[in-house]
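Each chain, written out:
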Amino acid sequence: MSFDLHTTDPSGARLGTLHLPHGDVQTPIFMPVGTQGTVKTLHPEDLNALGAQIILGNTYHLCLRPGDEPIRDMGGLHRFAGWDKPMLTDSGGFQVFSLARLRKITEEGVRFCNHIDGAYMMLTPERSMEIQANLGSDIAMLFDECPPYPCERKYAAKSLGLTLRWAKRCKAWIDEHQPQTNGMPQQHFGIVQGSCYADLRRQCAEELAAMDFDGYAVGGVSVGEPEPVMLEAIENSTPYLPQNKARYAMGLGTPTQMLEMIERGIDMFDCVMPTRLARHGIALTPDGPMHIRNERWKYDTRPIDPEGHPHVTRFSRAAVRHFFRAGEMLALRLLSFQNLHFYLRLMAQARSAIAAGEFAAFKSSFISRYQANDIQ
């Protein structure tokens, strides 16, 4: 089995181990995003120091440059990126979704103009699986259509039908080619769509579960919908997914959102937020976000987060503020390190709380502290 479910907390939160070709991953887990094959500003040894277990690569961007075949010929994405632990690659579907003005969706796939030189490209279920096989990721995501929000039911139903037909084509390609990485079968996750419609979410989850993929994701969330609608999409999907398969909420989220979704049975997360906030001078702490450029930190000798990693706590808030305002690259590295450490530490704390059967109390305590303080 690719996933062992160890225990389920009374709240519904799950503790598990994901067994992958490049190593085991303890869940719940957050995956730092390495869009171009690298997590912005950080070395792989930084990720090891942070305790990262698995990172994410971007199929769309990597197939454009340097190309999936050159990466394959150079030993795969792990060797190319200098990362020897598990990696997940997305299918390219969400990036195509973001190119709405430049794309045309057909039964065959999606034809679009890429964002680099405007050249026309065609991405199909088979081509997405081929790219990810060439990259050699541990987990490859199925190619799907991500509907926008808001979305009329008629469009959502049509889109769902396309996603399910594409899933069958992905499976046929997988069964024929049997892609491997590190001498073991590459894992493949189906993606539950259905927009904000409960019956469509259930239909998609049940039909994908019947196809027996290695794991499942909930997609089409964090596309502009209010948070209650986002949580409903999770609630309308997870009950119909196998208990013994990992569950992944794609592209999420804030610290509080992740805890809410862990309570709803989600095991895996990814989001660009930690490093993106870092580039805008925002550090995440247990007492809420800190805008390090603000004047109030000019002479503050305390570390950003006294509970943080020693790589960051050795510097004062005043020093990091100065580095950022002076344009020093170290500031971006320190804030990225802080924010990813914060996310990964939160996942470790969640795992400990689940193991103790105390996740609900942990979640309440964390959110109360995170939202109550104003340290901006």
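Residues numbered from 1 in each chain as written. Predicted model: local features only at pLDDT ≥ 70, side-chain atom pairs only at ≥ 80, totals over all residues. Heavy atoms only, no water.

Looking at the packing of aromatic side chains
Scanning the entire structure with this criterion turns up 11 aromatic pairs. Judged by centre distance (6.5 Å) and plane angle (75°), the rings of F213 and Y216 are edge-to-face. Ring centres 6.2 Å apart and planes at 50° place the aromatic pair F359 and F362 in the tilted group. Remark: F362 and F359 occur in helix α15 (residues 359–372); sequence separation between them is three residues, near one turn of the helix. (Phe/Tyr/Trp six-rings, centres within 6.5 Å; stacked < 30°, edge-to-face > 60°. Helix = DSSP H or I, 4+ residues; strand = E, 2+ residues; numbered from the N terminus.)

Focus: the sheet that holds strand β15 (residues 215–218)
One open sheet holds the nine strands; their spatial order is β4-β17-β16-β15-β14-β11-β7-β6-β5, and the pairing between them is parallel. Two strands close off the open sheet at either side, each with one partner strand: β4 (29–31) and β5 (33–34). Sheet analysis places strand β14 (residues 187–192) next to β15, joined by four bridges and oriented parallel. Paired with G190 across the two strands is Y216, which belongs to β15. (Pairing = 2+ DSSP bridges.)

Describing helix α7 (residues 153–177)
An ideal rise of 1.5 Å per residue puts 36 Å on 25 residues; α7 measures up with 36 Å between its terminal C-alpha atoms. If you check which residues of α7 are buried, you get A156, S159, L160, G161, L162, T163, L164, W166, A167, C170, W173 and I174. The secondary structure elements touched by the buried residues of α7 are β8 (103–105), β9 (110–113), α6 (125–135), β14 and α8 (198–211). Backbone geometry just downstream of α7 places Q178 in the positive-phi region, at approximately 50°. (Expected span 1.5 Å × (residues − 1). Buried < 20%, exposed > 50% of the residue type's maximum accessible area, 1.4 Å probe, protein only. Contact = heavy atoms within 4.5 Å.)

Thoughts on the packing of helix α14 (residues 329–355) against α15
Running from N to C, α14 and α15 cross one another at 150°; their axes reach a closest spacing of 8 Å. Contacts between α14 and α15 involve F342, L346, Q349, A350, A353 and I354 from the former and F359, F362, F366 and Y370 from the latter. For the contact of α14 with α15, the residue count by class is nine nonpolar, one polar and no charged. (Axes fitted to C-alpha atoms, helices over the stretch in contact; angles between N-to-C directions. Nonpolar A, V, L, I, M, F, W, Y, C, P; charged D, E, K, R; others polar.)

Quick notes on α14
Spanning 27 residues, α14 covers 39 Å between terminal C-alpha atoms, matching the ideal 39 Å at 1.5 Å per step. At the exit of α14 stands G357, carrying a positive phi of roughly 70°.

Quick word on the packing of α6 against α7
Running from amino to carboxyl end, α6 crosses α7 at an angle of 45°, the nearest separation of the two axes being 8 Å. Taken together, the axes of α6 and α7 are oblique relative to one another. For the crossing formed where α6 meets α7, the hand is right-handed. Packed against α6, whose contacting residues are P125, E126, M129, E130 and A133, the element α7 presents W166, R169, C170, W173 and I174 at the interface. Within the contact of α6 with α7, the residues separate by chemical class into seven nonpolar, no polar and three charged. (Parallel < 35°, antiparallel > 145°, perpendicular 65-115°, else oblique. Left-handed = near helix turned anticlockwise from the far one by under 90°.)

Observations concerning the sheet that holds strand β3 (residues 23–27)
Taking strand neighbours across the sheet as the criterion, the three strands line up as β1-β2-β3 in an open arrangement whose pairing is antiparallel. The sheet is open, and its two edges are formed by β1 (3–8) and β3, each paired on a single side. The mean angle between the axes of side-by-side strands here comes to 15°, regardless of whether they run parallel or antiparallel. Sheet topology note: the β1/strand β2 (residues 14–20) ladder contains five bridges and is antiparallel. By the bridge assignment, D4 is partnered in β2 with T17. Sheet strands touched by α14: β1, β2 and β3. Its angle to β2, the strand with the most contacts, is close to 120°.

As for the pairing of strand β19 (residues 288–291)
Inspection of the sheet shows strand β18 (residues 282–285) paired to β19 by four bridges, in the antiparallel sense. Considered in β19, the bridge of L284 is made with P289. Once β18 ends, the chain turns through two residues before running back antiparallel as β19.

Considerations on the environment of K158
Looking at the element boundaries, K158 is found in helix α7. Considering only alpha carbons, one finds K158 and G34, 124 residues apart in sequence, at a separation of 32 Å.

Some remarks on the nonpolar core
Core analysis: the largest hydrophobic core is formed by 112 residues, its most contacted members being Y248 and M268. Tallying contributions element by element places α14 first for this core, with 14 residues. (Core = buried A, V, L, I, M, F, W, Y, C linked by side-chain atoms within 4.5 Å.)

Concerning the pattern of salt bridges
Enumeration according to the criterion identifies 21 salt bridges in this entry. Across the pair D175 and K171 runs a salt bridge whose closest N-O atoms are separated by 3.9 Å. With D175 and K171 both in helix α7 and four residues apart, the pair spans about one turn of that helix. Residues R345 and D305 are paired through a salt bridge, measuring 2.9 Å at the closest nitrogen-oxygen approach. With R345 in helix α14 and D305 in the loop between β19 and α12 (310–313), this residue pair connects regions lying 40 residues apart in the sequence. Given the relative accessible area of 14%, R345 is considered buried. The buried category is assigned to D305, whose relative accessible area is 3%. Taken together, the shared-partner salt bridges in this structure form one network comprising E235, E260, E263, R264 and K363. (Salt bridge = Lys/Arg side-chain N within 4 Å of Asp/Glu carboxyl O.)

Read these as geometric descriptors, not functional statements.
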